[in-house]
Structures are given as C-alpha cells and as structure tokens.
Amino acid sequence: MTTPLTLTPEQPLVPGWATGTITLGCDYNPEQWDESVWHDDIALMRELGVDLVAINIFGWAQLQPQPGPFDFSRLDRILSMLHEAGIRVNLGTGTSSPPPWLARVHPETLPQFANGTLAWPGGRQAWCPSSVVFRQKAIELVTAMAERYGNHPAVAVWHVSNELGCHNALCYCDASARAFRTWLRARYGTLDALNSAWGTAFWSQRYGTWDDVLPPRATRSAGNPAQLLDFKRFSSDELLDYYRAEAAVLREHSSVPVTTNLMVTAHIQTLDYFSWAPELDFIANDHYLDHRLADPLAELAFSADLTRGLAAGQPWMVMETSTSAVSWQPVNHAKREGELLRTVLGHVARGADSICFFQWRASRSGAEKFHSALLPHSGTAGQGWAQSVELSSVLDRLNPVVGSRVHARAALVFSWEAWWAAEGDSHPSSLLRYLPEAHRYHRALRALGITVDMVAPGTDLTSYDLVVVPTLYTVTDAASVAIADAAAAGATVLITPFTGIVDERDTVIAGGYPGAFRELLGLTIDEFRPLAAEATVSLSSGAHGSIWTDAVRVTDAEIVASYSDGPAAASPAITRRPVGSGTAWYVSTVLDDDSLLRLARDLAADAGVPIVEVGYDVDVVTRQTDTHHITFIINHRSEPIAVPYAGLDLVSGETVTDATPLPAGAVRVVISERSDRGA
Amino acid sequence: MTTPLTLTPEQPLVPGWATGTITLGCDYNPEQWDESVWHDDIALMRELGVDLVAINIFGWAQLQPQPGPFDFSRLDRILSMLHEAGIRVNLGTGTSSPPPWLARVHPETLPQFANGTLAWPGGRQAWCPSSVVFRQKAIELVTAMAERYGNHPAVAVWHVSNELGCHNALCYCDASARAFRTWLRARYGTLDALNSAWGTAFWSQRYGTWDDVLPPRATRSAGNPAQLLDFKRFSSDELLDYYRAEAAVLREHSSVPVTTNLMVTAHIQTLDYFSWAPELDFIANDHYLDHRLADPLAELAFSADLTRGLAAGQPWMVMETSTSAVSWQPVNHAKREGELLRTVLGHVARGADSICFFQWRASRSGAEKFHSALLPHSGTAGQGWAQSVELSSVLDRLNPVVGSRVHARAALVFSWEAWWAAEGDSHPSSLLRYLPEAHRYHRALRALGITVDMVAPGTDLTSYDLVVVPTLYTVTDAASVAIADAAAAGATVLITPFTGIVDERDTVIAGGYPGAFRELLGLTIDEFRPLAAEATVSLSSGAHGSIWTDAVRVTDAEIVASYSDGPAAASPAITRRPVGSGTAWYVSTVLDDDSLLRLARDLAADAGVPIVEVGYDVDVVTRQTDTHHITFIINHRSEPIAVPYAGLDLVSGETVTDATPLPAGAVRVVISERSDRGA
Amino acid sequence: MTTPLTLTPEQPLVPGWATGTITLGCDYNPEQWDESVWHDDIALMRELGVDLVAINIFGWAQLQPQPGPFDFSRLDRILSMLHEAGIRVNLGTGTSSPPPWLARVHPETLPQFANGTLAWPGGRQAWCPSSVVFRQKAIELVTAMAERYGNHPAVAVWHVSNELGCHNALCYCDASARAFRTWLRARYGTLDALNSAWGTAFWSQRYGTWDDVLPPRATRSAGNPAQLLDFKRFSSDELLDYYRAEAAVLREHSSVPVTTNLMVTAHIQTLDYFSWAPELDFIANDHYLDHRLADPLAELAFSADLTRGLAAGQPWMVMETSTSAVSWQPVNHAKREGELLRTVLGHVARGADSICFFQWRASRSGAEKFHSALLPHSGTAGQGWAQSVELSSVLDRLNPVVGSRVHARAALVFSWEAWWAAEGDSHPSSLLRYLPEAHRYHRALRALGITVDMVAPGTDLTSYDLVVVPTLYTVTDAASVAIADAAAAGATVLITPFTGIVDERDTVIAGGYPGAFRELLGLTIDEFRPLAAEATVSLSSGAHGSIWTDAVRVTDAEIVASYSDGPAAASPAITRRPVGSGTAWYVSTVLDDDSLLRLARDLAADAGVPIVEVGYDVDVVTRQTDTHHITFIINHRSEPIAVPYAGLDLVSGETVTDATPLPAGAVRVVISERSDRGA
C-alpha cells in the first residue's frame, strides 16, 4: 500500500541522495561466487528492492594476490552490472584485511599483544595501526581505487576499510611504541609534563628520556593507570589518523561522501567515536543483537540512541545488521517470529533512515558461513527469503519517516574515556562496570517511555530537562561545568557512584570525593564502601542496592534516603540539592531494577518530563517533522499492550485509536499532525 | 579352577602368539630401580602370572645421555633376565621423549604453541613432529634398537614410541609450516584448488604463493575453519608418517609384530585413528577411567567398542590401564571395591584379549609417582597387591574367551574428522559437542543391552539393523551414500542435529540443511534454532530437549513429534521416513536421558533389534565362537540384578540360570552352546 | 590517660631503640608531593605522634633519572626535616624498582615468565633476581646510600628494597638458568646426585651435562615435580642472597639495624621466610586483610603468630598495614567501625611492638591512589583522620605491653617447602591445599582461646603440650624425629592427611604411607581415597569430612572414629596411639568446622591445655612479663561477649571483672599480676 501522506523530509541522510525512501542495502562479496551467480543475485536484489550494495570490503587479496600491480577487472565488471541494474554502490576501499603475502614480506606489520606474541593472518585485521609499511601499501590501493572509481556513476558512498579497530586497535610493538611517543610529545610537550601527568613519582617510574616510554606491555604487578588511559586515547587517535589518511585520498579524487562503519555496541570499547564522528560525512553503524547480555533489546535501543548522538541528531545508517543469527557468539540465536521487523524498526525509530544487512547471500565457506543473510543457504524457497521480502515491503510503507528527527527531553552523558578509565585496575571495586551502569539508567528511562539523547561530556546540556551522569569517573573542567550549568538552568541532574573522582590525567581531585561535584551535590564522600559480590543493602526508602555504597557527609543537600544496613549504614544514600532553577541528585549505590524504576519516576516528576509506563519490553519513540509526529511502538512482548497513540498506522494502513491494542510481537508506526505545531 | 570346556579360538591376537590365554602384562621401567630390585620384580611378575612386559618406553636418555654412541648394557641385561624368566617383552623403541641434550643442541626441535611460545623439556614429548633433526636422531636410535634386538628371543612386540601425539600433536613452528605446505600441495595439487577449498575469497585470505600458507597461528579474530580442519588432518598424518618411518626400520630388521599404543579416550582428539589402524599389526589401546566425565564407565564401554572398530572386529590389546587411581586428573579417584575386575572385564567383554597395566611397580619419583600400579608403594603387604593377585586368577579362568568375537547388530558412525570439524568456532552453538552427542547415543543403547559397532564414515553398513549417525557435520559423498544404502537395505537409520551440513572442505552443501541427507530424510531445515545454555524445550511426545532445535520443513516424512515450545515451536522435532525396506529418522534436538531411552526403544523396535532392559550401570555383551556364546554381565550397581543368561559362569565356576541374581558389584561370564549354531 | 603501672620491658624491638612505646609509623613518599606539602605533613605527623617514617622506598628513579650520578638533594632535605622534627627514619635503599632507563639500556634485566614472555616496566619489580647487571646497578645505589646516610642521625632502620619477591620471585630467563645451575651444583655436588634426586630416570629426563639443566619452563605435560620444588627453593635463596648483598654493604657503613618487610600472608608463597629470618636484625611484616579469603581475621591471627615464629618469640614490627581499604583486591572493603583498632590490636596481641602504615598521605596518582592512608584524600576534615588520631591515642595507653612476650602451649609445624611441595601437580587431589589446611587448624584452636606458636619443621617441640602437623607432605628426617620426640616427651601430636609422604627430594618414602610417621602413628595407609569436589563422608563419631580419605590399616593404634560411608567406608578415620608420655593422633580427612572444633577440644583435653570457648570471631591472647599478664580480648562480633579476665583495662582505664561484658566490636587489654609468678 502507499501512504496517503506526503511529507517533505527535512534533509536526506546524504546531501544529494534521493530522499523519501528508507534505503534497504546489504554487503555483497562477489569474490566468493562465480560470475554466473552475479546475474541471479542482481535480479533478486532488484526483486527485493535493494538499492545500496557494499562491495570490495575484503577485496585486497583479489585485487593484488601478489606484490605488484592491481587487477581491477572483476571489480570493474560487478560495478558495471550493479550500475546497469540501477543499484547504488557503497564502495569499500578494500584495505580492511591485507593479503597473506604482506605478513610474509613484511612480518613487522603484524600486531603484537601486550605479552609480546603476534597476531597472525588466518582471521582478519592482522595489521598494526602504526605500521608505516602497512599504511603505505594500503594507501597505494586506496589511491588506485580513488583514481579508478572516484567518478564512477555507480558509486554512492566510499566505505573506508571495515569495522576499524574491531580486533587490532591495541598494538604493543616497537612501531606502536614509537608512534605512542610521538603522540605523547604532541599531548604533553615536555617530559616533565608527562611525568607529572602519569604520576611517575609513584613506584619509581620517572622517565629520564622520551625513549624510555613504552606502551603498557605485560607487567607483573598493576600497571600505571594514566599510561594505560593515554594508550587507549592514543590507540583510538591512531586509527582515526589512519581513517583520515584514507579519506584524504578519496576526497582528493571524488566528491562522493566518505564514511566507515562504526561499531557502537557493548563489546567494542577501544574507539572514542565522539572524536571520530566529525570526520565522517554521515554516521554509519554496525549493530547485532548480543545475546551474551541480559537484555539485548535494551542494548539495541542504547546503541541506536548513542549512534544518533554521534550523528548530532541527523539521520544515520545501519550499515550492517543481521536478518537472523550471527556466528560469533557462544550461542547464535535465530531471530524469533517478527523479531527482524521489530529490531529494524528499533533502529528506524531512533533515527536510522537506512538499513543495510550483512550480507546479501550466505557464504558457503569461511568463519561467517553460518551468519544469516537476506538470501540464506536455503535460497528463495524457505522462510528466510520470505521474511526479507516482507521487511522490504514494510520499509516501503515507512517512507514518510525519512528525514524526520527524534526530539528528546532527557540526556545521558556518555564517554568512552570514562569507560576506559572507570574500568581500570586497582579501583575500589571491580564489580562497578561503566557500560552496565549506563545501560541500567537508559533501560529504566526507556521503560517509562522517555527518549534519551546520548551526549559527550562538555556538551551544552541546558536544553534538557533531565540529565543522567552515570559513573563519569574522569572529568574535565568543561564537563563538570556543563553539568552544573544544566542544573542551574533548570534541569534535574542525577550523578551516580564513582563520578567526578579524577581529572583527565586520572589524578584524584583533592579534598574529598567527588571532587568535581562536591559543591554541586552539596556533599563530601569520606570513603568508598563497596560491597562483596553477592551482597545487597537496604535503603530507608525501601529501595535496595548492590556493588557500591559511600560514606557520605551532607553539607548542603536533602537526604532522600539513607542506608539501613551495610558498611555505610546510616549514611545518606540518595540526596537532592536544589540548584538554581534545577536540582542535583546523587545516588551512591547500584539500585535494583524496581528501585531504579522508582527513582526514575521521581526524577521525571522532578524534571517535569512526562512518562508512559510501557515497561522493559516495549519501545515507544516519536520522530517528528515540522508538521507531524510519527510514533513507533514496538511490542517485544508475548502479550498485547495498550498504547495511547492515535492516528494512521503506516505499517497496517489502518487508523488506530488509544483503544486499539497492539498485538503480541507487533509493531505500529502512528503518524499524526502535531498538536504543538509551531510551538 | 579350570574350565571343563575346550574351545578352539578363531585366531590369536597376533599370528604366532600362544593362544588360549588372556595376556596379563605391564609397563616396567627398570631405569628407575637399582638392578638389585630387578630380581625381586621378576620373581613377583612370575608369581602374578605376568607374561608380557613393556620396557624401554622412556629409555632414550639412559641409552644416550649425551650426543654420541648408545650404551645398551643395562637394556641387554634386563632383556636377558626377562627372557630367562619366560616373560615376553613388548620392546619400546624408546623415542617417545628425547634426552635433555637434544633441546640444548637443537632447540629448533621444540614444539611451538599457536601463540609462538615453546614447550620445553621437563615434561615429556617436547618435540616437533615435523622436525627433521628430531626424526634423524630418533631413527638412529630405532635403527640401533632394531639391529640389536630385532631377533632377540625375548622380544614379542615392537612398541613404537609411546602415546604418540598425547601432548605434541599440534605444532606451529616454521618446520611445521613447511611440512604443512608439502602436505597441502599433495592434497590439492594447485594453489587455486587450495584457495577454493579454504574459501580464501572470504576476508581477503587468497594466497598468491605457497609460501604465504601458514599453520593456523594465533589470530585476533576467528580463524579460517577449513585451514584449521586441514591442519588437524595434517597433524594426524604427520605423526602417522613418523610412526611409519619407525615401523619401516623395525620391519626391515625384525619379523616381530609392530604396533603402538593408541589413546582412544575422551580427552585425545588429535589423531584420526581410522587412518592409523591399517598400519598397526594389531590394535593396542591405553584407557583410564576419566572422572572428569559424568559417566566414566559408559565412556569405557564406548572406548572399547571404538577400539574394536579400529581392529575391524579382531581381538585387541589394552596396552595400558590402571589398577586403581591415575595421577593426572584434578581428583584421582581410587577404584572402588571390585571395580578393577569390573573395568578389566569391561574391556574383555568388548573384544580385548590382552590386559596390560601401567605399571608394574609404583614409581617413587616423577610426575606419576602417585599413579597406582600392580605392585603399589605399600608393596605386597597391602590390599593393592591382593587385588592384583585376584585379578590374575580370574583372567586365568577366562581363557575360553580368547579369540572369540563380538557380534553387533547396531552401528554408530564415528569420525575424528567430524569431531574436529563439528567443534570449530563460529558455529550456531558452542554447546553442541561432538563426543558427548556420540556418547549419549552409545550410552542409551548400552542401557538396553544393545552392543554397538563403531564404524568409520563410508564403511558398508548394509549388514546392520540399526545405524546411528550422531552429528556427522562433515561428510564425503561416500559416507552419505553408505548411510542411505543402509536404510535402503533395511536398516533403521537415525541422524542427529548438525549432520551432513558441509563437505570435506567445510563448505556448506547448498540448498537447505542437511544438504547431504535432505533427500534421505525427506525434509529441509530452513534455519538452526539453538537454545541458550540452560534452556529446554518440550516435544509433543512428552520428550524434552536442550541445546539445539531446527526449523524443519517436512517434504516427505512422518512427523513423530513436534516442538511444543521454544524457538522452533510447531516445527517437526523427530521425523521418520520409510526408505526401501528400512527407515530414516531425524531428531533435531539433544534429548534428555529418559527421552533418549524412549527413542532408542522405538528405534530398536523399528529395527527389530532385541533389547535387555539393564539400565545404565550394567554391561551385557556377548562374545561368540563358532560353537558357543560367552556373555559378560557386569553389575556396577550397589544392588543385585536379574539377568536372563543361563549356563556355566566362568568366574565362579558355577552353573547359573535365569533365576540366579547377580550380586551388587559382581561380574559373571556365562558360556553356553549356541542355539543358533550354523544359523 | 597514663597507666599507673610501670613495667620494665624485657627487650625493645631493636637494641638501642627507646623502649616503653609502641611505635606508630608509616611509609612516606615525598617524591609524590611538592616540597611545600612536606612541612604540612611533618607537622601533622607530629600531631598524630608518628615516630618512624619510611622513605625512599621507591626513590631510585628520582635519585638517578638517567644513567649517571645520583642526585641526593631532595632526599637530604627531607631527612633533615624529619630529623629536626624528631621523627626517626626507616630508610629504604630504594632499589625495589629500577628507573625505566634500565629496561631500555639493559633489557636483559627484565624477568621472564615460564612461557618465555617478558614482564615490562609500568608496574614494579620488573627485574630478574639473577641479573648480574641489575645487581651491579642496585649495589651502586646501595653503596652510595650507605656512604651518605650510614651515620645520619635521623636513620633508625635500614629498609632493604621492598617486599622482595612480591612479583618477581620466579624468573625463567637464561640468567636465571645459569644461576639455578650454580645453586644446584652447590646443593648436589654431582650430576648423578641431581639425576637421582630429581628422578630423571622417569620420562627420559636424565641430564648428561650441567648445561642441559633448565628452570621449569612451560611444558606440554606435567613437569618434573622435584625440579619444580628445587626451583622454588632456588628462587627463595636467590632473593635472600640478593638481600644479603645489600645488607652487607649497609653493615659495612652503618651500625643501624638492617631489615626488610616480609609478606607473611596467604597470597605470597614464594619465599621460605624461615631461612630469611636469621638474616634480619628484626622481623618486620606487611599485612593487609585479604577479603578474598573466607575469614580474613583468622588469617590475620595466623599471619601474626607466624611472624612471631619467624621472630623466634621476640617482638616484631608491622611495617605496613592499612587504615582501611587496599586497592589490589577485586573488591576493596573499607574497614568497619572500630575495625582499624581491632586489627591493629590483633597484631599487638600476638607480639607486634610497632605498627606502621602504608601510607602517610593518600597518593593522587598511580596504581595505589585508592589505597587508604593515615591522611586520606578527604584530609583532616573527614572520618579517616579522626580514626587515625583515636588509634594513636589507644596505642599510647598500651605502652606497658612493649617488650612483653607471648607464651603458647600449642605449636603448629609450618613449612614453606611443604606448601610448595604439597600443592604440586599430579597429586591424588588438587582440592587438598596446604595453606587452607593449616588455616583450619589454627582457626579452630583460636576459637578455643588457644594461642599457637608457628614453628619450622625440625624445631625442638618438646616444650609444647599440643603439636599440630597439617599436611606436612615433605619431611626431612630431622623433622619427623622432632615430631616423634614431642609425643615421646608428653605432647599430644596430631598429624593430618598427606603428611610425611615424601622426603626432601619429593621421593616417596617406601613401604606404605605415611612413610615418615607409620611407626609413630601405628598405622599404614594402603591407598589414598580422595573425594570428588562436592562430596562429603560421615564418620562413626558423627563427624563429617570432605576432600580426602585414606584406606588405613591400623597396626598399633586406637580407632577413634571410622568412615561410615564413602570410598574408604569401614576404614579408620581418626586414630590415637599412646606414645611415651604423649599421644600421636591421625585424622585422614578434612573435617568440617563443627567436627574440627570437637576434635580440637578432644586434643586439648588429651594435652591438658585449657580452653576458653570464645568462638571464631574473638581473639584472646595473653602477653606476659616476669610480673604481669596482659590479656588482649578483641570482640569482632556484633554482640557483647563475656570473658573471664579481671584486672585493669589499659584501653578504657577501668578495672574490669569476669562479670563485665565486652561490648560488640570492642577491645580490652587487661593487665594483672601473674599469679604464677616465679612458677
């Protein structure tokens, strides 16, 4: 069916791209198939409505199977075929994994673990990000690609490398050591400044020359935490610098947008994507459900909101996701009935305007042959293909969504640096983990129908009504000022344990914890009082906590709840301080689900943010244009739910009212004119 | 007592060996003892009835403590002493562990782990199977041994090395890399064929020259599964080639049979013994109860049946087992009262005609000093020696068993290649393990008194009534044809999850799973639907499964049971298809014990195979001669059982009827004339 | 308050030191602070009553930031300032961690793991104990230190290195290999003796030259246990030799006592402190509560008794402990209310006359910045400082304690060698652990108010009434004779499982276990019968055991209890044999808490040792002078207890009677005249 509405999208994903269509795309690896298969594939792509195909992602070894000239003949042919079929190409530079000969001819390009052992070919990304030789060889390929295809009419996007840093972000070899020193010189200027920042007076670690400085290789005791933190910063920057080098070549020869596929997901920690985002012409993310987590769907929502944060609210692309199971988890769960649609709409609801899959046709060989695909091993006969066709049909009906924006009244301050620093060794408790803490707050707000923007520390927060700051262990002055300003400007600000403890050098801010927020919160923590692994504490409010408590001295705050037991018994547990026209809350423990939900309701009330009590297994997110609201309701439950959104459901084509229940497992995308138009 | 029966054994273990006696043997390490002890030992061996003694298993360092000539003087003396005492010798070539000087003079002989670290002397088998230097030094020793002792009258068997591959099967050093390339050239002929077989189009792994090819060293991501599989094949072949080299020298100088001790046991996976078996003059196995498993006694039965499979039904030898505890498990359980006899008869029941122990006299030093022995640390005064004496006496009474054969109507298709391939990374579920799956079916059939032959894929199966094919993930055409032929010829064939998925190159057989058996089973699997670690599913039959389910589309089969819940709810779970005069069943989950036992009963009924409901802790196995049946009944339970076998009990010397209960923990070996004689 | 009593201490901790005062001290790291902070620190130290400050522990990199001359200027200044303030200095030689340049200029000084990988700078102790270069550089520093400060009036103690062997005790590099060979030559004289001691006849390990001998580097199978044991002996001796080298320099230039801080604690196993103790001018220990253990307070008591054992009953020093949390455990628990005082008095009760803390002022950077300190991050405003002040005040009131002695009627034979040897691989059960077994017996005796001396094997035991010998797996003749002599002289001796099994070469003592104590105990163990991980057994006495049982044949002993079930059912479990005027008991299982407490009561009755039933969470220990008893009662419980000690409580200044309950969490130090004076 066709929607009766015609909306003018505010802006397409990429300037110049056709608008009004949610892109359906996929990775395609023609190297793995006889050319005879290519024709069938392209015909089926057209049948399915695929309009963006990523190729050459792992093309290097085919283009250059031995040192010497490149052979582009097969790549030429597939590009022509796709172009003739009217399918746009997301063209990989092909540098993500070098051919085996590189390790033979230049073994110094192999990455090295902290314990000195090498990572060999056989998998992927067996290269050191600081290798001068690797970069030279890769740039030769990128230059040849850019020169040959920079103006090819099929090419719609440049796709730099692939999932940069997925495996090789941290390398400890001598080349990395040299690059690390260069980076440190740029950061600190003098060796004295480095010695001061790293606290090398401790444990006799003072450097006498720059040449003494090494990556944090294996040690017999705890390492230097500031060295470890700077090495993570360096490693993120080093790959970003590599990205920049490829992008510069491409931009020299081509006007097509350049990007790469980020991995905003729970198991990738090594890259600070907030520093990457400005370098990408648009934000593209790879996301797969991670069944190693307790709530994979909550993580999807978290990832999508964070990706939108990287895109600064602009539309973004899912550059890889799966139709069903992946192949790299201990148990690779197939998607349940309807789950493909629900998860895809989960991304679209939170700002994605483009959905691409890894991959088109399931491989018959290699480490991902059991990864699901648009065209699975059972071909077009089985359930898999039928699902792909159904998805394409639903996406067509959602075209009015394209270009609309998500508007959130709540923000969560997220920081890769804090993630790195908070999870260092030698902390009060190894049980307090950064990402789970951020996940918990995001999940509670989602259960109340509150959409959250994810923002970098230091971002202006004064436009938000509710600001959550989970375990922001390390802070800059700018970050703490922005948080205090939000409260002063009227926001309800919540700060959670182990926040504002150290500055950017991992140096404790003196005078009592949390040094950066003592004044804002009106309290001092004399001592951390972490809990044993299975222990819980009770609060005077009836709430329960685990993992962490503090001995809090309130200097200027209301005590919302105190500890009834545990090592911090009688100490305040949750506090609230009026600040300007807002408030600053502190919670000093890890609340259980029910307690956290209750706190979230209190915070929302304090902030004046409306809630919809949908619970954990439902997504409710509204995208909006100048004229319309488009509300996505995704029911992951096995029973029907009631949801108060009336209007035209783009999925079913039917008009729904507040009284129309949403069946078990169903989705609805309700479009309605904005009542607040012009407001 | 002496049995009143005189039987003519069909064939002794080794042509030319004295028949009519179950050999009682042991390892003996005279190097560890003063020569004064040797006299006592030999006297006690005679007292116990030991008639085969393995020596020089770890003799190299004594024969050649420094580079240079060998000193055989002590070996000469012990050989003479044993010969004079009428004890036959199982003579080790002594090459299993080189002397320490080899690592000093030739450190390149040390084996290397996948991460590049070396394995050093201090344990055993610190040598690379592909080391040219190691082989040269070892063959010098073997040649000297063969020349000196090839016609020595004491020598009854040549014992090549020892437990080959127990620790060093997989080596990743440069010498191994060269040997691997040689093996691959022989297998594939051209680099294009290799690239195609390994699917190197995936992840840019295409080789441009043979020199690019490496063993599957440590990688940062999942490795290439076909490379990993071929490396396991290579590693098995490489050690087999080493065995052949030693055997060739021995056969040049001696007419005594040549063999080596295999390790058919749950924790040794690296050698494909089906390819080794033809090279051994008779099959010898080392077996120890493995208390890390849930049911060590079921594993013993499995191992013994598999060893008989390697022997192609011929008698075989237990070359090592223990009188009581071993010393290499986390907890080394002593054998319970009577367990020594029960376990020994477990081997004899399933075809062993020779029982040897590691070792004669318990060591006082070294890594196995707490390993039990025929003559324990407490000497002849304690319970240990008394048990040894009792065992010898029982074995004497079992002489009529010698040379008789086990006849089975059921077969289980077992494959080391499938084991290697099925347990690779990047599969739908890491919870589905090959060996436990095979164990489960064997154990259920044993609980019904059904004796099982273990056969290699591709073996003619048309003589069997019941054929079980557990998780034969990788199959050749020959293997799938043999299985289909069995059904056509009248057998009941059962296929279990993840069978027939890939060909021998680990390449998915296209068109829907299980590619190799879609037609035979009359169904297509659209998608695997594995279960989370603790999850279970219910079947319409009341059965329960775990670990795995499939989304099955039946095209031409009866649905025996469907899933009532779980991710494959409503899909067929167990199917049955009449094929020729037989049937082909599929079960798509891992059934729990009770459900599996019920299925096994249904299969036996379908196949017309009679059952005896003895349960899990009882062995019932019949060996037969042309004229007699000899049924072993081993009651591992702590209560008496009733068993319907009447005749003369060779153990007690008494005649038993169906009404004579078998006491708790007792054994019985009932001999009776065949009623089916000549049938 | 001032105590009305004036006692003459028998002897101060160090000859020449001022007596009558319990020293309050701390580590201080002025390198980490601006000199402006030093003045504040010293003023606060005086305010708190700190009278011993350890400095220059990690000073090397500041003294010598590059190869070349030392710069002592800052060290000169802080020494002068401390001296002027009347604070004595515990002067570190500063060699514990070399500056980063040493690894750059001499990478061969880095220690090597068993698998060949290196440990790098970034942590601490990144040096090989056998490195000739490291020792040369370190001794240059020590010499300069000794020359400069050997007669400095502030210096009260020389503190050699720091926590020697905490991380780097075991090194497997080539330099370590050479040193190991030298050590072995000294121990064994001939290669034949080495081959015999190590049982190299096993597994072809016979050495032909000394150069063949290596440290026990990574192997693919179990290693040689005697080699592993000797390597641990060597490693302890090698660091002791290093200590001696530093001490020799210091003693040449200075008359101040020389010591180093031992780590008598559950997680440090590598140094045989009984061999170290004679080399230290007084014994100093570092001790922190280890919350990874089930009962950290019981371990504190164990450690303190063992430290007193090292001091041969003389007073000793706690050179490091914490005011609250540490930073190197998975969860670093803050001390509960009053726990600082209770734990400090736990040390003093058991003989410490000096209490020093790591550290004075909490670091702001580095791996220990979250370690608690006398002056915490919150400064003098918070609870932490208040606690420090209170502690100092209590210690002042305990001055009469100084120099008094603990007198124990029970002894526990403790041995680092047995710890090393008992926990080797390839033993009957990996579940039987040495230290937990020793802890269990110590804890049971402590729960009965019985104070225990910890003595080395071979020590004369005839003065004790009760002697416990837990899992003394390896014994010398001297050790077994001393134990037998104790029984003959009237003591009740208890021997526990796996004791007396091997000699000092890890060679089984022949003839039935336990070879060293068969005669003393009047029994032979035919076989070990260890239990599965979760299994328990019942004894005829109603007791319960786990982990271990034996098949015991009694030859001359009373059977106190037998096994009712389990693999040793019907075998004796606990036996008792009258020996001379004493008795020798054997218990062959690991008793649960209640059963062990009952056994301990029986043993105490047998031995005539009085008990006080205080339970697990109370310390009762008496120190005595010629004239007085001073009884420490420490109530770790959350309820009051009654304790039968009347006299003056030094803590409260009040006189207490048997009827005065001790409140929850409180401590009491009761001084009274000895009624047994002159007895």
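Definitions and limits used
Residues numbered from 1 in each chain as written. Chains lettered and ligands numbered in written order. Predicted model: local features only at pLDDT ≥ 70, side-chain atom pairs only at ≥ 80, totals over all residues. Pairing = 2+ DSSP bridges. Helix = DSSP H or I, 4+ residues; strand = E, 2+ residues; numbered from the N terminus. Axes fitted to C-alpha atoms, helices over the stretch in contact; angles between N-to-C directions. Contact = placed C-beta atoms within 7 Å. Buried ≥ 20, exposed ≤ 12 C-beta atoms within 10 Å, placed from the backbone. Least-squares fit on C-alpha atoms with pLDDT ≥ 70 in both. Left-handed = near helix turned anticlockwise from the far one by under 90°. Nonpolar A, V, L, I, M, F, W, Y, C, P; charged D, E, K, R; others polar. Core = buried A, V, L, I, M, F, W, Y, C linked by C-beta atoms within 7 Å. Parallel < 35°, antiparallel > 145°, perpendicular 65-115°, else oblique. Expected span 1.5 Å × (residues − 1). Arc of directions from axis to C-beta.

**Structural notes on the sheet that holds strand 19 (residues 558-562) of chain A**
Residues and elements named next belong to chain A.
Then, number 1: Read from one edge to the other, the open sheet built from seven strands follows the order 12-11-13-14-21-20-19, with strand pairing classed as mixed. Two strands bound the open sheet, and with one partner strand each, they are strand 12 (452-455) and strand 19. Taking each pair of neighbouring strands and ignoring which way they run, the sheet shows an average axis angle of 20 degrees.
Then, number 2: Here strand 19 runs beside strand 20 (residues 572-579); their pairing, made up of four bridges, is antiparallel. What sits directly across from Ile559, in strand 20, is Thr575.
Then, number 3: Lying over the sheet, helix 17 (residues 593-607) contacts strand 13 (466-469), strand 14 (492-495) and strand 21 (582-587), oriented at roughly 150 degrees with respect to strand 14.

**A closer look at the environment of C:Ala304**
Residue and element names in this part refer to chain C.
Then, number 1: Mapping Ala304 onto the fold places it in helix 10 (residues 296-310).
Then, number 2: Note on Ala304: 27 C-beta atoms within 10 Å, which makes it buried.
Then, number 3: Spatially, the C-alpha atoms of Ala304 and Ser480 are 26 Å apart, while their sequence positions differ by 176 residues.

**Some thoughts on the relation of the copies chain A and chain B**
Then, number 1: The two copies are related by a screw motion: chain A maps onto chain B through a turn of 120 degrees and a shift of 0.1 Å along the axis, at an RMSD of 0.0 Å. The transformation relating the two chain copies, once decomposed into turn and shift, fits a three-fold axis. Minimal C-alpha distance to the rotation axis in chain A is attained by A:Thr117, lying at 4.6 Å.

**Looking at the packing of helix 11 (residues 339-349) of chain C against helix 12 (residues 383-397) of chain C**
All names here are of chain C.
Then, number 1: Packing of helix 11 against helix 12 leaves a shortest axis separation of 10 Å and a crossing angle of 35 degrees. The chirality of how helix 11 crosses helix 12 is right-handed. Contacts between helix 11 and helix 12 pair Leu340, Leu341 and Val344 from the former with Gln387, Leu391 and Val394 from the latter.
Then, number 2: Here the contact of helix 11 with helix 12 is composed, by residue class, of five nonpolar, one polar and no charged.

**Some words on the nonpolar core**
Then, number 1: If you look at the biggest cluster of nonpolar residues, it comprises 697 residues, and the most contacted ones within it are A:Val467, A:Val493, B:Val467, B:Val493, C:Val53, C:Val467 and C:Val493.
Then, number 2: Residues contacting A:Val467, with those up to four places away along its chain left out, are A:Ala411, A:Val413, A:Leu461, A:Ile483, A:Ala486, A:Ala491 and A:Val493.

**What about the interface of chain B and chain C?**
Then, number 1: Listed by partner, the interface residues are 52 residues for chain B and 51 residues for chain C.
Then, number 2: Of all elements in the fold, only helix 2 (60-63), helix 4 (100-105) and helix 12 (383-397) of chain B reach the threshold of two or more residues within the side of chain B that touches chain C.
Then, number 3: A breakdown of the residues in the side of chain B that touches chain C according to their chemical character gives 21 nonpolar, 24 polar and seven charged.

**Some points on the sheet that holds strand 22 (residues 590-591) of chain C**
Residues and elements named next belong to chain C.
Then, number 1: Taken in spatial order, the three strands line up as 16-17-22 in an open sheet, and their pairing is antiparallel. Of all the strands in the sheet, the pair left with one neighbour each is strand 16 (536-538) and strand 22.
Then, number 2: Bridging between strand 16 and strand 17 (residues 544-546) involves three bridges; their strand directions are antiparallel. Paired with Val537 across the bridge in strand 17 is Gly545.

**As for the packing of helix 10 of chain C against helix 14 (residues 434-447) of chain C**
All names here are of chain C.
Then, number 1: Interaxial distance between helix 10 and helix 14 falls to 10 Å at its minimum, and their mutual angle equals 95 degrees. In terms of axis orientation, helix 10 runs roughly perpendicular to helix 14. Note on element contacts: helix 14 touches helix 10 through His439, His442, Arg443 and Arg446, opposite Ala298, Glu299, Ala301 and Phe302.
Then, number 2: Of the residues that constitute the contact of helix 10 with helix 14, the class distribution is three nonpolar, two polar and three charged.

**With respect to helix 1 (residues 35-48) of chain C**
The α-helix advances 3.6 residues per turn, and as a result positions three or four apart in sequence lie on the same side.
Residues and elements named next belong to chain C.
Then, number 1: Its 14 residues place the ends of helix 1 20 Å apart at the C-alpha level, agreeing with the 20 Å of an ideal helix rising 1.5 Å per residue.
Then, number 2: Burial in helix 1 covers these residues: Asp41, Ile42, Met45 and Leu48. All buried residues of helix 1 fall inside an arc of 125 degrees around its axis, so they share one side. What points out from helix 1, more than 90 degrees from its buried face, is the exposed set Ser36, His39 and Ala43.
Then, number 3: For helix 1, the secondary structure elements touched by its buried residues are strand 2 (52-55), helix 3 (73-84) and helix 12.
Then, number 4: At the C-terminal side of helix 1, Gly49 shows a positive phi close to 90 degrees.

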